[in-house]
Amino acid sequence: MRMARFWRHGDRPFGWITLLAALLLLGLVGGIAVALWQNSALSRDAFGLEFLVTSRWDPAIDRVFGALPFIQGTLVTSALALVLAIPVGVGAAIFLAELAPGWLSRPLGLLIELLAAVPSVVYGLWGLFVLIPAVAKPLGVALNGSLGFLPIFEGPVFGPSRLAAGLLLSVMVLPTIAAISRDVLFAIPNSQREGALALGATHWEVVHQVLIPYGASGLLGAIILGLGRALGETIAVTMVIGNNLDLSASLLHPGYTMASIIANEFTEATFDLYLEALIEIGLILFAMTLLINLFAQLLIWRVRRRTVGQVRV
Amino acid sequence: MTLATQHDSGQSSLPAAGSAAPPRPPGAGPASAPATRIAIHNLTVHYGTFCAVRNVTLDIPANQVTAIIGPSGCGKSTVVRSLNRMTDLVPGARVSGEAILDGENILRPEVDVVNVRRRIGMVFQRPNPFPKSIYDNVAYGPRLHGVRDRDLDEVVERTLRGAALWDEVKDKLHQSALALSGGQQQRLCIARAMAVEPEVILMDEPASAIDPIGTLRIEELIADLRATYTIVIVTHNMQQASRVSDVTAFFTMDEDRAGYMVEFGPTIEIFTNPRNQLTEDYVSGRFG
Ligand SMILES: Nc1ncnc2c1ncn2[C@@H]1O[C@H](COP(=O)(O)OP(=O)(O)OP(=O)(O)O)[C@@H](O)[C@H]1O
Ligand SMILES: [Mg+2]
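What counts and how
- Residues numbered from 1 in each chain as written.
- Chains lettered and ligands numbered in written order.
- Predicted model: local features only at pLDDT ≥ 70, side-chain atom pairs only at ≥ 80, totals over all residues.
- Heavy atoms only, no water.
- 1 Å grid on protein atoms, 1.4 Å probe; cavity = no way out; pocket = protein on both sides within 12 Å on 5 of 7 lines; lining within 4 Å.
- Points joined across faces, edges and corners; volume = space filled by probe spheres on them.
- Helix = DSSP H or I, 4+ residues; strand = E, 2+ residues; numbered from the N terminus.
- Nonpolar A, V, L, I, M, F, W, Y, C, P; charged D, E, K, R; others polar.
- Patch = residues over 30% accessible without salt bridge, like charges linked within 9 Å, V, L, I, M, F, W, Y side chains within 5 Å.
- Areas by Shrake-Rupley, 256 points an atom, 1.4 Å probe, with all protein chains shown as cover.
- Salt bridge = Lys/Arg side-chain N within 4 Å of Asp/Glu carboxyl O.
- Buried < 20%, exposed > 50% of the residue type's maximum accessible area, 1.4 Å probe, protein only.
- Contact = heavy atoms within 4.5 Å.
- Buried area = accessible area lost by both parts, 1.4 Å probe.
- Polar contact = N/O pair within 3.5 Å; in protein donor to acceptor, adjacent residues only side chain to side chain.
- Disulfide = S-S within 2.5 Å.
- Expected span 1.5 Å × (residues − 1).
- Domains from an automatic or database assignment.
- Near = heavy atom within 4 Å.

Notes on the layout of surface pockets
Quantified by volume, the largest pocket comes out at close to 570 Å³. As for the largest pocket, its lining consists of 22 residues, of which Ala97, Glu98 and Asn190 of chain A together with Leu89 and Pro91 of chain B are closest to the centre. Mapped by element, the contributors of at least two residues to the lining of the largest pocket are α5 (68-99), α6 (102-117), α8 (162-186), α9 (190-198) and α10 (203-214) of chain A. Residue classes in the lining of the largest pocket are distributed as twelve nonpolar, four polar and six charged.

Shown next, in the form of structure tokens:
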């Protein structure tokens, strides 16, 4: 019945156009997946699922490839970035939307949007010249000194490291998370705030009991966008992570990510298996982002269902 | 008769400034002169440089329904919102004058607003339930104020019964409040306000977004609540004011658009025998 309405008279051309656009999008995603799949056949045949769990990357002598260090590096740096960026980003959004007076909130908001638009290379340069020295000396040494018994802070301390990459990524996704979270908070009707305040809630109670649950699905969306940026970030990470096949758990060691190995070695891939191993890494990265987004959509959908009421018959 | 002698708090006197309240205008207030719950004295509200309400002096009688009527923009909402300090949320709003509740001027900046809002609840024009379950909506206020979880069931049931909503929702307490009809949502919001056991409930056009049957039920509820609460209701609907209220205050605007109170008295008199020509014009529909 809804389809019948959809196709009725004037809506028809509009319907076709939008359908076409949707199909094009679907086709693009499918096309990318198929291309990655086909062009990694050699590698997939040679290493099978082992590719995901082995860590040898030896194009020079034995010509064996395993993606584990890169998968680990991508996951670890992205997770670190989110852990750091979520509280700060959402906190900044709360400040901008709820606490700051207009004369402060507007310019600050603009600044954050500007930060979100800064090209990655620039962040990379900043990471190289500011972050890495800071990570090497005061921060890394201090973490290793006080918490060195934890595997994630094991020595020796390097400047270019997963920690540096995670920190840089957190700085990069911060504006995205803050800007979108702020818009989410702005979109919450004032009546919600008034309703809680009128019951004697404090400002803080309004924020965490009313606004955050109300905006939960939107805030999740903001985080997912940030995560997407972190997973795929290439150049800036490549500049600060050290590009090393180290597989230890330590954040203070250099590492490698999926995006950076592709960027670093694609032009040097001198034989087909090498090239296709890199393409397979691209395929894994693609599948990973797709899965994470799917999972996030599911989460958002569940949150929304819980907050926006039972469906009536 | 001064404000102090009518005060029902049991406290012997108001602060010095409050005791300087003038005698009430002749004929104002119901004949039986019930105790005053909130004594408003010279309330003036500015939004920036704009004076929205000027020198309102008005005794809200305890356990009665006070209606505030008047043309759009005359400051009805402003008066009501200043009583539970919602005006604090508006940047640039300045409130002066007094509103004495139990001997304390609740308009003073130093007053604990959380406490004021707990004692003076508010229901808004559009139902604004939280996107939580019916139960959690009612329990929200009590939880805020430290009612323990094991006592909540009882509080929720008692409140919903009090709001005449229990029978309609008892089987779906844990479903989203947003699935209720608009009228039910508004009564839930009234219940939510009642759950913190305020002394006064302010209602700013509580039925204006509700269908006629829903409106009727809200009016019935207001009549019931009168025994327990002091109610102030802003309404655009003359019939509604005459049906639900005991006393009525009529507001209008000066040339400079500042709102002021024209007349205050028993609802019957305001509607049948107003003293002021402006009131008469308004209640008989000859306004504007
Ligand atoms: N937040 C605000 N900032 C600036 N001016 C305001 C604000 N709220 C209200 N006003 C102004 O104050 C005056 C009184 O507004 P108020 O909302 O109290 O009127 P009202 O009597 O409730 O009107 P209505 O019947 O339309 O609801 C109006 O002129 C309005 O424009
Ligand atoms: Mg109003």
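Side note on empty space enclosed by the protein
This model, assessed by the stated rule, comprises two cavities of 30 Å³ or more. What the largest cavity holds in volume is close to 40 Å³. Along its surface, the largest cavity is lined by Gly195, Ala198 and Leu199 of chain A together with Met122, Val123, Asn128, Cys189, Arg192 and Ala193 of chain B. Every element with two or more residues in the lining of the largest cavity is listed here: α9 of chain A together with β6 (120-123) and α8 (182-194) of chain B. Looking at which element gives the most residues to the lining of the largest cavity, the answer is α8 of chain B, with three residues. Its residues assigned to classes, the lining of the largest cavity shows six nonpolar, two polar and one charged.

Regarding a nonpolar patch on the surface
Residue and element names in this part refer to chain A. Taken together, the side chains of Val121, Val122, Leu125, Trp126, Leu128, Phe129, Val130 and Ile235 make up a nonpolar region of the molecular surface, amounting to roughly 690 Å² of accessible area. No other element matches the seven residues that helix α7 (residues 120-147) contributes to the nonpolar patch. Position of Leu125 among the secondary structure elements: in helix α7. A relative accessible area of 41% places Leu125 in the partly exposed class.

Describing the interface of chain A and chain B
Taken together, the 22 residues of chain A in the interface contact 26 residues of chain B. Summed over both sides, the interface between chain A and chain B buries roughly 1900 Å², with carbon and sulfur atoms accounting for 61% of that surface. When the buried area of chain A at its contact with chain B is split by residue, Glu194, Ala198 and Leu199 of chain A rank highest and sum to 32% of it. Our enumeration of links across chain A and chain B arrives at one salt bridge. At the surface where chain A touches chain B, the tally comes to six residue pairs in polar contact (both at pLDDT 80 or more). When contributions to the side of chain A that touches chain B are tallied by element, the ones reaching two or more residues are α9, α10 and α14 (272-307) of chain A. The dominant element in the side of chain A that touches chain B, judged by the number of residues it contributes, is α9 of chain A, at seven residues. Here the side of chain A that touches chain B is composed, by residue class, of nine nonpolar, nine polar and four charged.

Some details on the state of the cysteines
Linking two cysteines covalently through their sulfur atoms gives a disulfide. Residue and element names in this part refer to chain B. Summed over the entire model, instances satisfying the criterion amount to zero disulfides over all chains. Cys51 forms no disulfide, and the closest cysteine sulfur to it belongs to Cys74, at a distance of 13 Å. When its relative accessible area of 0% is taken as the criterion, Cys74 is described as buried.

Regarding helix α11 (residues 216-232) of chain A
Between its first and last C-alpha, α11 of chain A extends 24 Å over 17 residues, near the 24 Å set by a 1.5 Å rise per residue. Every buried residue of α11 of chain A is accounted for by Ala216, Ser217, Leu219, Leu220, Ala222, Ile223, Ile224, Gly226, Leu227, Ala230 and Leu231 of chain A.

Quick word on the domain arrangement of chain A
According to the domain assignment, chain A contains domain 1 (1-30) and domain 2 (39-307). Here the C-alpha centroids of domain 1 of chain A and domain 2 of chain A sit 35 Å apart.

Topic: the site of ligand 1
All names here are of chain B. Lining the immediate surroundings of ligand 1 are 14 residues, of which Ser72, Lys76, Ser77, Thr78 and His236 lie closest. Note that an oxygen atom of ligand 1 is positioned 2.8 Å from one of the backbone N or O atoms of Gly73. Cys74 places a main-chain nitrogen or oxygen 3.3 Å from an oxygen atom of ligand 1. The set of elements that each furnish at least two residues to the shell around ligand 1 consists of β2 (50-61) and α3 (76-83). Here the residues of the shell around ligand 1 sort into five nonpolar, six polar and three charged.

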